[in-house]
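Residues per chain are reported as follows:
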Amino acid sequence: MQFFSGSSTSDVSPSPAAPPGTATGLAGNNANMLYIFNRSGVCLLYREWHRPLRTLDANQDQKLMFGLLFSLRSFTAKMDPISADKGSLGVPLLPGQGCSFYSFRTNTYKLSFMESPSGVKLILITNPKTSDHRESLKHIYNLYVEYVVKNPLYVPGTPIRSELFNTNLDQYVKTLI
Amino acid sequence: MDTNDSLRLASLWHSMHAISQQLSPTTGCAGIELLQADTFDLHCFQSLTGTKFFVVCELGTLHMEALLKVIYELYTDYVLKNPFYEIEMPIRCELFDLNLSQAIQKDRIALLGR
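Per an unreviewed UniProt entry, the recorded name for chain B is Trafficking protein particle complex subunit, and the organism is Canna indica. UniProt annotates chain B under Subunit (unreviewed entry) with the comment "Part of the multisubunit transport protein particle (TRAPP) complex." Taken directly from UniProt, the Sequence similarities (unreviewed entry) text for chain B runs: "Belongs to the TRAPP small subunits family. TRAPPC4 subfamily."

Looking at an unreviewed UniProt entry, one finds chain A named Trafficking protein particle complex subunit and attributed to Canna indica. UniProt annotates chain A under Sequence similarities (unreviewed entry) with the comment "Belongs to the TRAPP small subunits family. BET5 subfamily."

Given below as C-alpha cells:
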C-alpha cells in the first residue's frame, strides 16, 4: 500500500470491480431509492435519487418499509411449496432461515432485497423495467463493507454519514440498467 | 396448510399489497404484480372490484398473467353467475373447481394461442 505516494486515488480504490449487467455507457437514472437497515430495524441509510411522490414523513416511511419486508419474509417462508417444516406465521426469522424473496415488482417500481448473514438488509427501488439486481446489491454491500464497516470512526448501529460511501454509491447507481 | 393459515396468509397479502402502493416513488401504483422468492414466483392479479388472484409457480414460468385472466373469467362465469353463490363467501362450486383444474392442466400452448 502506497499511502504517501500521491498517486491518483483510482489506483488504490478499494471498491471492487462492478459486476456484469452494469454499463457506464448506458447511464440511466433508473434508481429511485435505497434503504439500509440493520438487524434490529434501525435505518442506517436512506438515499433517494428520484422520488416525486411522498405519502409519509421519512421516519414513518422507513418504519413502513421495514414492516413490509418483515411481513413479506414471513409470508414467503410460509408460502414456500418446497420445504416441509415452515414454522408458524409471524414468528421472527433469523437471516437465512426459511425461504426468502429477492425482488417484487409493481407497475410503477421494482424493489430488490438482500439480507446479509449478519442481518443487514439492503433495499433498492428502481424502475420496473430494469433487470435482475441481485448482483448490484452484492456490489452495494461490498461498498458498504469497504467504506462503512472498515471505517474506524464508524460506530455500528448508527446512521451512516460517510461522504466517500455516498459518492461511490451515487456513482455506481448511475450505471444501473 | 389449513384454513386458518390460508386466511392469515390472504389477509397478510392484502395488507402487503396496500403498503406497496403507499411506498411507491411515483403516482399510479396498483400494488405487487410479481414476487420473486428463492424457490417460487408469485404472480398477482387484481380485478377492478378488488378481488385478488394469485398463482404460485416455478421460478421463471411464463404466461402467468394470461392464466390469471382465464381464471378470472372462470370466476365470473362459474361463481358470480351462480345464483346459489353468496358473495364474499368461500367458493363451493363444483363447475368452477372442475374448470379451474382443467385450465391449469391444459397445455401451455393452448393458453398462448388465446
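Where interface size is quoted, it is often the accessible area lost as the parts come together. Taken residue by residue, the interface counts 35 residues in chain A and 32 residues in chain B. Of the roughly 3300 Å² buried at the junction of chain A and chain B (both faces included), carbon and sulfur atoms supply 67%. Scanning the region where chain A abuts chain B turns up 2 salt bridges. We note a salt bridge from Arg105(A) to Glu33(B), for which the minimum N-O separation is 3.6 Å. Linking chain A with chain B are 13 residue pairs in polar contact (both at pLDDT 80 or more). Ranked by residue count, the leading element in the side of chain A that touches chain B is helix H2 (residues 58–79) of chain A, at 10 residues. Per-class residue counts for the side of chain A that touches chain B are 20 nonpolar, 10 polar and 5 charged. Direction of pairing for strand S3 (residues 101–106) of chain A relative to strand S1 (residues 32–37) of chain B: antiparallel, over a ladder of 5 bridges. Bridged to Thr106(A) within S1(B) is Ile32(B).

The next thing to look at is unusual backbone geometry. Residues and elements named next belong to chain B. Unlike most non-glycine residues, His63 shows phi in positive territory, near 60°. For His63, the position within the fold is in the loop between strand S3 (52–57) and helix H2 (64–80). For His63, a relative accessible area of 34% puts it in the partly exposed group. Although it is not a glycine, Glu88 sits at a positive phi angle of roughly 70°. You can see Glu88 is positioned in the loop between H2 and helix H3 (94–105). Glu88 gets classed as exposed once you look at its relative accessible area, which sits at 75%.

Looking now at the nonpolar core. In terms of nonpolar packing, the biggest core is built from 33 residues, with Met65(A), Phe101(A), Phe104(A), Leu111(A) and Ile123(A) touching the most fellow members. Contributing elements (two or more residues each) for this core: strand S1 (31–37), H2, S3, strand S4 (110–115) and strand S5 (121–126) of chain A together with helix H1 (3–22), S1 and strand S2 (41–46) of chain B. The greatest single-element share of this core, amounting to 7 residues, is contributed by H2(A). Looking at this core, you find at least three residues from each of domain 1 (1–29) and domain 2 (33–112) of chain B.

It is worth spelling out the packing of aromatic side chains at this point. One pass over the structure, following the stated rule, counts 13 aromatic pairs over all chains. Judged by centre distance (4.9 Å) and plane angle (50°), the ring pair of Tyr35(A) and Tyr46(A) falls under tilted. Separated by 11 residues along the polypeptide, Tyr35(A) in strand S1 and Tyr46(A) in strand S2 (residues 43–48) bring together distant segments of the chain. The buried category is assigned to Tyr35(A), whose relative accessible area is 0%. With a centroid separation of 6.2 Å and 40° between ring planes, the pair formed by Phe45(B) and Phe53(B) is classed as tilted.

Before going further, it helps to examine the pattern of salt bridges. Applying the stated criterion across every chain, the model contains 12 salt bridges over all chains. The residue Asp132(A) makes a salt bridge to Arg134(A) at a minimum N-O spacing of 2.8 Å. Take Asp132(A): its relative accessible area is 40%, and that puts it in the partly exposed class. One salt bridge in this structure joins Lys81(B) and Asp77(B), with 3.1 Å as the shortest N-O distance.

The subject of this paragraph is the layout of surface pockets. Residues and elements named next belong to chain B. Reported here for the largest pocket is a volume of approximately 1400 Å³. As for the largest pocket, its lining consists of 33 residues, of which Ala10, Thr51, Lys52, Pro90 and Ile91 are closest to the centre. Of all the secondary-structure elements, those providing two or more residues to the lining of the largest pocket are H1, S3, H2 and H3. No other element matches the 8 residues that H1 contributes to the lining of the largest pocket. When the residues that make up the lining of the largest pocket are grouped by side-chain class, the tally is 22 nonpolar, 8 polar and 3 charged.

Basis of the calculations
- Residues numbered from 1 in each chain as written.
- Chains lettered and ligands numbered in written order.
- Predicted model: local features only at pLDDT ≥ 70, side-chain atom pairs only at ≥ 80, totals over all residues.
- Heavy atoms only, no water.
- UniProt positions renumbered as here; feature names shortened; annotations may be inferred.
- Contact = heavy atoms within 4.5 Å.
- Buried area = accessible area lost by both parts, 1.4 Å probe.
- Salt bridge = Lys/Arg side-chain N within 4 Å of Asp/Glu carboxyl O.
- Polar contact = N/O pair within 3.5 Å; in protein donor to acceptor, adjacent residues only side chain to side chain.
- Helix = DSSP H or I, 4+ residues; strand = E, 2+ residues; numbered from the N terminus.
- Nonpolar A, V, L, I, M, F, W, Y, C, P; charged D, E, K, R; others polar.
- Pairing = 2+ DSSP bridges.
- Buried < 20%, exposed > 50% of the residue type's maximum accessible area, 1.4 Å probe, protein only.
- Core = buried A, V, L, I, M, F, W, Y, C linked by side-chain atoms within 4.5 Å.
- Domains from an automatic or database assignment.
- Phe/Tyr/Trp six-rings, centres within 6.5 Å; stacked < 30°, edge-to-face > 60°.
- 1 Å grid on protein atoms, 1.4 Å probe; cavity = no way out; pocket = protein on both sides within 12 Å on 5 of 7 lines; lining within 4 Å.
- Points joined across faces, edges and corners; volume = space filled by probe spheres on them.

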